[in-house]
Amino acid sequence: MLLCGIAALLIGMGVVFYLRCGYGVDPISVWVDGLSKALGIRYGTALLYHMLILLAAGLVLARQNMGVGTVFVILVGGPAVNLIEGVLVDVLPPDGAYSLAQRVLMLAGGVLFLSMGLALQVGCRFGYNTNDVLLFKIVQLTGLQYHWVKVAGDWVFVFAGFLLGGAVGVGTVLSALLVGPLIRTFAKFYNHTI
């Protein structure tokens, strides 16, 4: 369970860096950001709602892909983002006061930390995160490679989130193109080390 906690923190770091860099957020966060704006709630709370909706869908459609890690990330995912965001408020300059180099580093950190965290969650083998429960079901049913299913799913979240007012930018495009393949790369490394 310690590794699942580390995975949640890595995912949270990635999300917060995306939110802070100003170049757009990762695809799931576009959806969650749009949801938080549409409902007038904090990002972490909207993330919790998102995960609960996917949990319900997973229980109906892909129960075999779920485990204690799935529930664990639901319980700590939103609060981890809120916690990391609160800590970084004291460490980083205020929003909008970043240099170009800082913004690019935060974007790179967002891609890297998110990919590492999602791959670690898969590597823990305690159940996929709520976003991947249904994606792995699609992989099992179709035989398609995970990274292609992930890329397609990411674009669905981008479109839906954009319609709700979620932040979209170059970071969103980079994430949609890079995170799926990076998860595959990190997962191979974790499979040999965990």
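Refer to the structure presented above.
All chains use their own residue numbering, which begins from 1 and follows the written sequence. For this predicted model, a pLDDT threshold of at least 70 governs which residues receive local features, and a threshold of 80 or more governs which side-chain atom pairs are given and counted, while totals over whole chains, interfaces and linings are taken from all residues. Working from all heavy atoms in the structure, the side-chain values ignore hydrogens and water.

S.K.: Could you give an account of the overall build of the chain, with specific residues and numbers?
M.R.: Comment: elements are numbered from the N terminus, with helices defined as DSSP H or I runs of at least four residues and strands as E runs of at least two. For the chain, the helix and strand inventory stands at eight helices and zero strands. Going from the N terminus to the C terminus, the chain shows its helices and strands as α-α-α-α-α-α-α-α. The C-alpha atoms of the chain give 16 Å as radius of gyration, which agrees with the globular expectation for 194 residues (16 Å, within 12%). Over its C-alpha atoms, taken along the principal directions, the chain stretches across nearly 45 × 35 × 30 Å. Once local pairs closer than 6 in sequence are excluded, the contacts in the chain between residues at least 24 apart make up 79%. The Shrake-Rupley method, run with a 1.4 Å probe, gives the accessible areas here. Residue values count only the displayed protein chains as cover. Surface summary for the chain: the accessible area is close to 9100 Å², and the carbon and sulfur share equals 74%. Atoms considered for the radius of gyration are the C-alpha atoms alone. The globule rule reads 2.2 Å times the number of residues to the power 0.38. By definition in these notes, contact holds between two residues if any of their heavy atoms fall within 4.5 Å.

S.K.: Describe the packing of helix H6 (residues 130-142) against helix H7 (residues 146-163), listing the residues and the values that go with them.
M.R.: Axes, fitted as lines to C-alpha atoms, cover a helix only where it is in contact. Angles between the N-to-C directions of the axes lie from 0 to 180 degrees. The interhelical angle for the contact between H6 and H7, taken along N-to-C directions, is 130°, at an axis separation of 9 Å. By the angle class used here, H6 and H7 are oblique. Every pair of crossing elements has a handedness; the one defined by H6 and H7 is right-handed. Residue-level inspection shows Asp132, Leu135, Phe136, Ile138 and Val139 of H6 in contact with H7, the latter providing Tyr146, Val149 and Lys150. Any residue that is not Ala, Val, Leu, Ile, Met, Phe, Trp, Tyr, Cys, Pro, Asp, Glu, Lys or Arg is counted as polar, Gly included; the first ten are nonpolar and the last four charged. Partitioned by chemical class, the residues of the contact of H6 with H7 number six nonpolar, no polar and two charged. Should an angle fall under 35 degrees it is called roughly parallel, over 145 degrees roughly antiparallel, and 65 to 115 degrees roughly perpendicular, with every other angle called oblique. What makes a crossing left-handed is the near helix being turned counterclockwise from the far one by less than a right angle; a clockwise turn instead makes it right-handed.

S.K.: Give a detailed account of the environment of Ala62, specifying residues and quantitative values.
M.R.: As for its position among the elements, Ala62 is in the loop between helix H3 (43-61) and helix H4 (68-91). Relative accessible area serves as the criterion here: at 0%, Ala62 is assigned to the buried category. Taking the C-alpha atoms as reference points, Ala62 and Ile138, separated by 76 residues in sequence, lie 9.3 Å from one another. When sequence neighbours within four positions are dropped, the list of residues in contact with Ala62 reads Ala57, Val133, Leu134 and Lys137. Only protein chains enter the accessibility calculation, which uses a 1.4 Å probe; a residue is then buried when its area is under 20% of its type maximum, exposed when over 50%, and partly exposed in between.

S.K.: How would you sum up the packing of aromatic side chains? Please name residues and give values.
M.R.: Think of it this way: a Phe, Tyr or Trp ring, Trp meaning its six-membered ring, pairs with another when their centres are within 6.5 Å, and the plane angle makes it stacked under 30 degrees, edge-to-face over 60, tilted otherwise. All told, the structure shown has three aromatic pairs when counted by the stated rule. Judged by centre distance (5.8 Å) and plane angle (35°), the rings of Phe17 and Phe113 are tilted. In this pair, Phe17 is assigned in helix H1 (residues 2-21) and Phe113 in helix H5 (residues 100-124), connecting sequence segments 96 residues apart. What makes Phe113 partly exposed here is its relative accessible area of 23%. Look at Trp31 and Phe157: their rings are 6.5 Å apart centre to centre, the planes differ by 45°, and that puts the pair in the tilted class. With a gap of 126 residues between them, Trp31 in helix H2 (residues 27-39) and Phe157 in helix H7 connect regions that are remote in the sequence. Each ring is checked for a lysine NZ or an arginine CZ that lies within 6 Å of its centre and within 35 degrees of its normal; such an atom marks a charge sitting over the ring. A cation sits over an aromatic face here: Arg103 above Tyr23, 4.3 Å from the ring centre.

S.K.: Explain the nonpolar core residue by residue, including any values.
M.R.: To form a nonpolar core, buried Ala, Val, Leu, Ile, Met, Phe, Trp, Tyr and Cys residues must be joined to one another through side-chain atoms within 4.5 Å. In this structure, Tyr18, Val32, Leu114 and Val179 are the most contacted members of the largest nonpolar core, which totals 50 residues. Looking at this core, the elements that each hand over two or more residues are H1, H2, H3, H4, H5, H6, H7 and helix H8 (170-193). With near-sequence residues (within four places) excluded, Leu114 lies in contact with Leu10, Ile11, Gly14, Val15, Tyr18, Asp26, Gly109, Ser175 and Val179.

S.K.: So what's going on with the pattern of salt bridges? Residues and values would help.
M.R.: Think of a salt bridge as a Lys or Arg side-chain nitrogen and an Asp or Glu carboxyl oxygen that are within 4 Å of each other. The tally for this structure, following the rule as stated, stands at two salt bridges. Note that Asp33 and Lys37 form a salt bridge whose closest N and O atoms lie 3.3 Å from each other. With Asp33 and Lys37 both in helix H2 and four residues apart, the pair spans about one turn of that helix. With a relative accessible area of 10%, Asp33 lands in the buried category. With its nearest N and O atoms 3.2 Å apart, the salt bridge here joins Lys150 to Asp154. With Lys150 and Asp154 both in helix H7, this residue pair falls four residues apart, about one helical turn. Here the two residues Lys150 and Asp154 agree in accessibility, since each one is buried.

Note that every value here comes from positions in space, so none of it alone points to a role or purpose.
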